[in-house]
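# Structural features, examined
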Amino acid sequence: MLGDNGQTISVVMIARDEEHNIARALNSVKEAVDELIVVDTGSVDKTAEIAKSLGARVTFFPWRDDFSAAKNFAIEQASGDWLLLLDADDEIHPEDCHKIRELLQEPDVDCFYFDTLSFYGEVKGLYIRMPQPRLIRNRPQFRFSGRIHETLNLRGAVTAFREIRVNHYGYLNKEIESKQKIRRNRMLLEQELDDHPTALNYFYLATEDLRAGDHDQALKHFEKSQELYEAAGLKPPSEMLKKKIIALQELGRFLQVHTEIESAREMYPDYTDLIFLKGECLERQGNLPQAIETYQGCIEQGETPYVYSSLSGVGTYTAYYRIGYLHSRIGNNEAAIKAYLESLRCNTAYVPAVHALAEVLVKDRSRAEVISFLRERFDMNVPVANRYFAEAFVNAGEYQLALHYVDQFEKTGSPADDEIVLLRASCLMFSGGYEQAIRLFDSIPPDSPKFLRASFFKCIHCWLKQNFDRAETILKGLLRENRFPAYELEVCLTVNEILVAGEVELPKKLFSEIDHLGENAIISLLELFVLLDKIDWVAKIRIHFPDRLQQTGRLVEFINLLHKQQKISEAALWLEKIGEEERSNLEIACLHGEIYLASGSYHEAQRWFQQVLAQSSCHLRAMIGMSQISYGYYLESLKRIKQNRISLCMIVKNEEKYLAGALQSVQGIVEEMIVVDTGSEDGTVKIAQEMGAQVLHFAWNGNFADARNFALEKASCEWILMLDADERLDPEGKGRLSDLVSNPEIDGYFLTVKSGIDESYTVVDRRLSFFRNKREYRFEGAIHEQIPPGKFWVAGKRLEIADVVIRHEGYLDSVMREKHKLQRNLAIIQKQLQSEPENPFYHYCLAVELMQQEQYGKAAEHLDFSLQQWTAAQPQTPDAICKIAQCYLMEKQYKKSERWLRKGIELFPDFPDLHYFLGICFLAQGNWLESAESLQTCLQLGSTPPHYNSFEGVTSFHVYHGLAIGRFQIVKEVLELGLLRFPESIFLQEKMSQLKQAGML
C-alpha cells in the first residue's frame, strides 16, 4: 500500500504479555499501513504468536528497564517513510483510521499529534484526552530518551495536531492491576532520577505517586518539580499544576487548593479543568450551591483546548452531570433531571448521566410515567438506548423497568447477546425469580466474556439454596481452567467456607491477609448480598475482615449502600474498619455523623458533625444533621410527672399486634380500662383481659360514634381518656394528665396527636381526647367522629390545649393495608354520602381516604366540592386547602397547587404548612429563590398554632432536612462563635459574607 509519492507507513510497537490487547491494536490500523513492526520484550503468553498471525514482523529485544531503548530498537526495524507509534493497549478509533493516509499529502509537516483518549476507572467510558506525537517521519534524529515516560526528540521538527482519536486502555484499573504498572513505573523513575534529577522526572514520579494513592509523597515531588521549573525560568506545565491541586485536594487542604487554582488560572486562563477542580473542592467542602455555580462556569467557558491534558467533558457533559448530581443531593429533582438531560444531549453515550437520570426518575414517578418520559426525549428504537437504560434501572434497583427495556431492546430486532441475557437474568435474580434466572445463566457459553459473572450468580443461587457443595464444585472448576482472575474465585471459595460454617466459629479470620484486589472483589460480592437482603451473610463475612481496609473509597461506597438500604446497625459496624487517618476526610466524617444519627446516638453524631463544620462551616449535610439532632434532643427533654384518676375508653377489632402497647402506655395513670370489642377474630380480647381491662362487646353497625359512646356509658371515673389500639400515650405526658384534672372551669383538653405517614412525614393535629365524663359530651359522626366543641361552651365550660402527645401508627401504609382500613372507611363514607350526597364534610372525608390510595385527582375533586360550600370559619377549611394543594402537587399540576396555596395564605397567613408546601411547589418548578423565601417564612412563623392540622417539622427540621436550603441558624452560630474568638480572621469574614450573599443567613 502506497501513499502519495510512493510513501509508506510502518506501525512501530513494543509489547510484553499483551495477548488480551494486541489483536485489537493491530486490527484497528492494519488496513491503513504498509508494515507492522512488533518488538517483544519478554512475553510468556501468546503475544508474539497473535502478532505474527495478523501479519506483523516480530523481533525480540531483551528487557533492560528502559522504554526508550526498546522503542528506538523497534524504530530501527521499520522500513516505512513514516512511523505510526502505537502501544499494544492502544486502538485507532474506527471512524478515524481512514484519515491517517490523507496526512501524507501534507509535505511540510514532520510530526502529527493525535488525540489520545486515556480511559480510566473500571470500564471504558471516562477518559482524559491528551495530544501525543503519533505519526512521524522516519528520520534518525527523531528518537526517544528516558527510561520511562520516554520523550520523543522533535527538535527542529514541524508539528501539527489532527483530530484522529487513539483509544488508550492502559489506565483502566484491570490493566494497571494486571501489569503492576505503578510499582514498575515508580522503580524505573527512581532510577532515572538518580541519573537525571530533572523537573520533568520529578513530575513523572509525582504522577505515579498520585496513582498509587501516596498523596503526601506526590505533593512533595510536585513541589520539587515546580521549584526546578521556576528556577530555570520556565512556566510549570499545566498538567503538573493540575495534578498538584488534585494531591492537595486528596489531603483535605482546601484553602490551599483554592489558592493554587487561582495561581494556576493566571498562567492558564483557558484551562477549564482548573475551574472544574474548584467545583470539586467546593463539593467536598459541602458548599453545594457554590459548587453548582462553579460547574456552570465550566460550561460557560467551554471545553479545554486540545493543547492541554483534560478530563473528558469538563466544559460540557461532565459539568452538567455534576450539576445534576448536586441538585439531586439537595432534593431539587427537577433541576437534576434537566441537567442530566443536558449532559446526554452533549454526549448520548455518557453512562454516568444515564444511570443518574434513571435513579432520580424513579424517586417520584410511576413506571408508566418513567417510560413515557424517556420515550418523549430519546429515540427508543435505537437498540443501544434500551441497553443503557436497562443497565441503569438494574443499578437503581428497579428490576421491572429494567426488564421492560431488555424486552424493548429485543423488539428492535437486535439479537439478544450474552450481555442482554445476563441483564435479564440479573433482574430475575434480584426479583426472586431464581429458577428462571438460573436457566438463563446456564445458557451463557463458557467462551463468553460474561461467563464468569454468570457463574458467580449461579454460586449465589447455590448459597441461597444452601447447596454449598455445588457452589464449591463450580468455583473449583473455574479455577482449574486458569482463564479467570484467581483472586476472585478464591474470594468466593472463602465465602463459601464461611457460609458453610454457619454459626460455628472458625479458628481464624479468613480474610486477614487479603490484598486490595481481594478486598474489591469481596465488597462487590457484599453489595450483591445487600441487594438480596442477605444481611446475615454480610455480618458473617465482616467478622473475617481485617480491622482496617486498604480500599477506603470502596468501603465508603459500601457503607453508603447499607445506609441507603436502612441497614444502620451493620453500617455502623463497618464504619469501625475505616482507619483513624481517614476519618478527618469530610465525606467520611459526615457519613459517621449520619450513621450515628440514624441509630439514635445523638452525642456521637453531634461530635462528628461539629468536626465537619469546624473544617467547612458551609457543609450542607452537616448542618442538616445538626438540626436533626436538636429536634431529637427536644423530644427527649419532655419530663414525666405524677398520676391521677382517669378511665381509659377504647374500641377495638383484631388488634392483637398493637393493643398491648397501647394499654401499657397508660398503665399507672388510669383507674380502669374499658375496651369495647366490635368483632375480633384474633387474640385481642384475651390480651385485653390479661392486662386487666374490662372487655365489652358491641355489634358493629358501621358507625364509630355509636361504638365510642357505648364505651363512654360504661366508664365510672370522672375523666375520660380516649385512645385507639394503634396509639400510644407518650411517656413524657403521663404525669401531665394528673395536673390537668384540677381546674374546675375546664371540662376538656385537646391533646396533640402525631400520626406517622411514612418514615419521613408525621401529621400533627389536636384532638379532644381528654374530657370530663358527662352525659352531654358524646361523639357524633359515623366516621372521623368527634365531640362538637360547642357542647362544652353551652355548658359554660372551657376547652384548653394540653402539652400531651399521643403517637398514632394507624396511617402508616403497612398498618392501613394490614387492617384493611381504606376499604372499611370508604364503605362507611359512601354509605353516608348515599343518604347525604351534598354533605361537604363527607366529601372531605372521602378525599382524605382517596389521598391514602394515591388517587390525588379524584381527591382534589371532592375537596373542591367541600371548599365551594365552606367559609373560612369552618374548622376543616385550612386543612382542606392544604390537602387540595398537595393533591395538585402530587399530580405535578404546580400552577393549580400554587393558586390554592396563595389563596390559603391570604385566609390563614399564620398556617406554616401552606408556606411550606408553597416552598415545595416552587422547588418542584426550579424556582429556588421563591422556594427559599417561602421556607424562610416557615422558620419565622415558628410553631404551628394549635387549631391547625400540621405536618411535624414544617417550621423546623423538614425545612432543613427535606430541602437543604434556608438560613441555617447553626451556620450563623458557628461563624459568630469563630468571629468572637478570631475577630481578625479574613477567612471567617469572607465565609459570613458569602453566606449572606447567597441568602443563607
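In this text the structure is predicted, and so the values were computed from the model without any measurement.

## What to know about the overall build of the protein
Helix and strand counts for the protein stand at 46 helices and 20 strands. By residue count, 55% of the 1001 residues in the protein fall in the buried class. A separation threshold of at least 6 residues defines the contact pool for the protein, and within that pool the share at least 24 residues apart is 65%.

## Some words on the UniProt feature "repeat: TPR" (unreviewed entry) in the protein
The positions that UniProt labels "repeat: TPR" (unreviewed entry) are, in the present scheme, residues 199-232 and 317-350. The span residues 199-232 carries 91% helix and 0% strand; its end-to-end C-alpha distance comes to 9 Å.

## Digging into the packing of aromatic side chains
Any two aromatic rings considered together are summarised by their centre-to-centre distance and by the angle between their planes. Summed over all chains, the structure comprises 35 aromatic pairs. Where Tyr268 meets Tyr308, the ring centres are 5.9 Å apart and the plane angle is 85°; that geometry is what we call edge-to-face. Placement of Tyr268 in the loop between helix 10 (254-267) and helix 11 (272-284) and of Tyr308 in the loop between helix 12 (288-301) and strand 11 (310-311) is noted, with a sequence separation of 40 residues between them. An identical accessibility class is assigned to Tyr268 and Tyr308; each is buried. Here the aromatic rings of Trp463 and Phe529 are separated by 6.0 Å at their centres, their planes lie at 75°, and the arrangement is edge-to-face.

## Considerations on the confidence of the model for the protein
Per-residue confidence for the protein averages 85 on the pLDDT scale, and 90% of its residues sit at or above 70. Per-residue pLDDT stays below 50 along residues 637-644; that stretch engages in 19 contacts with residues further than four places along the chain or on separate chains. Residue range residues 965-970 is modelled with pLDDT below 50. Its contacts to residues more than four positions away, or to other chains, number 22 contacts.

## A short note on the environment of Gly926
Residue placement: Gly926 occurs in the loop between helix 42 (912-924) and helix 43 (928-941). C-alpha separation for the pair Gly926 and Ala336, spaced 590 residues apart in sequence, amounts to 9.6 Å.

## Points about the pairing of strand 3 (residues 57-60)
In terms of strand pairing, strand 2 (residues 35-40) meets strand 3 through four bridges, oriented parallel. Within the sheet, the bridge partner assigned to Val39 lies in strand 3 and is Thr59. Tracing the backbone out of strand 2, into helix 2 (residues 47-53) and back to the parallel element strand 3 gives a crossover that is right-handed.

## Here we look at the environment of Arg554
Among the structural elements, Arg554 can be located in helix 26 (residues 552-564). In contact with Arg554, other than residues within four places in its own chain, are Asn520, Ile523, Ser524 and Glu527. A polar contact is formed between the side chain of Arg554 and the side chain of Glu527, at a distance of 3.0 Å.

## Brief notes about the nonpolar core
Membership of the largest hydrophobic core comes to 104 residues, with the highest contact counts inside it found for Leu357, Trp463 and Phe529. Not counting residues up to four positions away in its chain, the partners in contact with Trp463 are Phe468, Ala471, Cys492, Val495, Asn496, Leu499, Leu525, Phe529 and Trp537. Counting residues in hydrophobic clusters, the runner-up holds 83 residues, among them Ile37, Phe142, Leu189 and Tyr602.

## A closer look at the packing of helix 19 (residues 418-430) against helix 20 (residues 434-442)
The packing of two helices is summarised by the inter-axis angle and the distance between the axes. Contact geometry of helix 19 with helix 20 gives a least axis separation of 8 Å together with a crossing angle of 160°. Put simply, helix 19 runs roughly antiparallel to helix 20. Of the two elements, helix 19 crosses helix 20, and the hand of that crossing is left-handed. When helix 19 is examined against helix 20, the residues Val421, Leu422, Arg424, Ala425, Ser426, Leu428 and Met429 are found in contact with a partner set consisting of Tyr434, Gln436, Ala437, Leu440 and Phe441. Each residue belonging to the contact of helix 19 with helix 20 can be placed in one class, and the counts come to nine nonpolar, two polar and one charged.

## Things to note about the pattern of salt bridges
Tallying each qualifying case throughout the model produces 55 salt bridges. The salt bridge partner of Lys244 is Glu260, with a shortest N-O separation of 3.4 Å. Here Lys244, found in helix 9 (residues 238-250), pairs with Glu260, found in helix 10; they are 16 residues apart in sequence, far enough to count as distant. Residue classification places Glu260 among the buried positions, given a relative accessible area of 17%. It is possible to trace a salt-bridge network through shared partners that takes in Glu95, Asp96, Lys99 and Arg165.

## Overview of helix 20
Residues Ala437, Ile438 and Phe441 constitute the buried set of helix 20. Around the axis of helix 20, the buried residues are gathered within 100° of arc, so they sit on the same side. Summarising the contacts, the buried residues of helix 20 are in contact with helix 19 and helix 21 (451-464).

## Brief notes about unusual backbone geometry
Within the chain, Asn654 stands out as a residue other than glycine whose phi angle is a positive 50°. Phi at Glu854 is positive, roughly 65°, even though this residue is not glycine. The topology assignment puts Glu854 in the loop between helix 38 (840-852) and helix 39 (856-869).

## So, the environment of Tyr596
With respect to the helices and strands, Tyr596 occurs in helix 28 (residues 586-598). With relative accessibility at 21%, the residue Tyr596 sits in the partly exposed group. The spatial distance from the C-alpha of Tyr596 to the C-alpha of Ser569 is 9.2 Å, given a sequence separation of 27 residues. Once residues within four sequence positions are removed from consideration, Tyr596 is found in contact with Ser601, Glu604, Ala605 and Trp608.

## What about helix 3 (residues 67-77)?
In terms of burial, helix 3 is a largely internal element, nine of the eleven residues being buried. All buried positions along helix 3 are accounted for by Phe67, Ser68, Ala69, Ala70, Lys71, Asn72, Ala74, Ile75 and Gln77. Of the surrounding elements, those touching the buried residues of helix 3 are strand 1 (9-15), strand 2, strand 3, strand 4 (82-85), strand 8 (144-145) and helix 6 (181-195).

## Quick look at the pairing of strand 2
For a regular strand, side-chain orientation follows a simple rule: the groups alternate between the two sheet faces. Of all the six residues making up strand 2, six are buried; the element is thus mostly covered by neighbouring parts of the structure. Strand direction decides the pairing type here: strand 1 and strand 2, joined by six bridges, are parallel. When the sheet's bridge partners are listed, Ser10 is paired in strand 2 with Glu35. Regarding the hand of the β-α-β motif, the stretch spanning strand 1, helix 1 (residues 22-27) and strand 2 is right-handed.

Conventions used here
- Residues numbered from 1 in each chain as written.
- Predicted model: local features only at pLDDT ≥ 70, side-chain atom pairs only at ≥ 80, totals over all residues.
- Heavy atoms only, no water.
- Helix = DSSP H or I, 4+ residues; strand = E, 2+ residues; numbered from the N terminus.
- Buried < 20%, exposed > 50% of the residue type's maximum accessible area, 1.4 Å probe, protein only.
- Contact = heavy atoms within 4.5 Å.
- UniProt positions renumbered as here; feature names shortened; annotations may be inferred.
- Phe/Tyr/Trp six-rings, centres within 6.5 Å; stacked < 30°, edge-to-face > 60°.
- pLDDT = per-residue confidence, 0-100.
- Pairing = 2+ DSSP bridges.
- Right-handed = clockwise from strand over helix to strand, strands pointing away.
- Polar contact = N/O pair within 3.5 Å; in protein donor to acceptor, adjacent residues only side chain to side chain.
- Core = buried A, V, L, I, M, F, W, Y, C linked by side-chain atoms within 4.5 Å.
- Axes fitted to C-alpha atoms, helices over the stretch in contact; angles between N-to-C directions.
- Parallel < 35°, antiparallel > 145°, perpendicular 65-115°, else oblique.
- Left-handed = near helix turned anticlockwise from the far one by under 90°.
- Nonpolar A, V, L, I, M, F, W, Y, C, P; charged D, E, K, R; others polar.
- Salt bridge = Lys/Arg side-chain N within 4 Å of Asp/Glu carboxyl O.
- Arc of directions from axis to C-beta.

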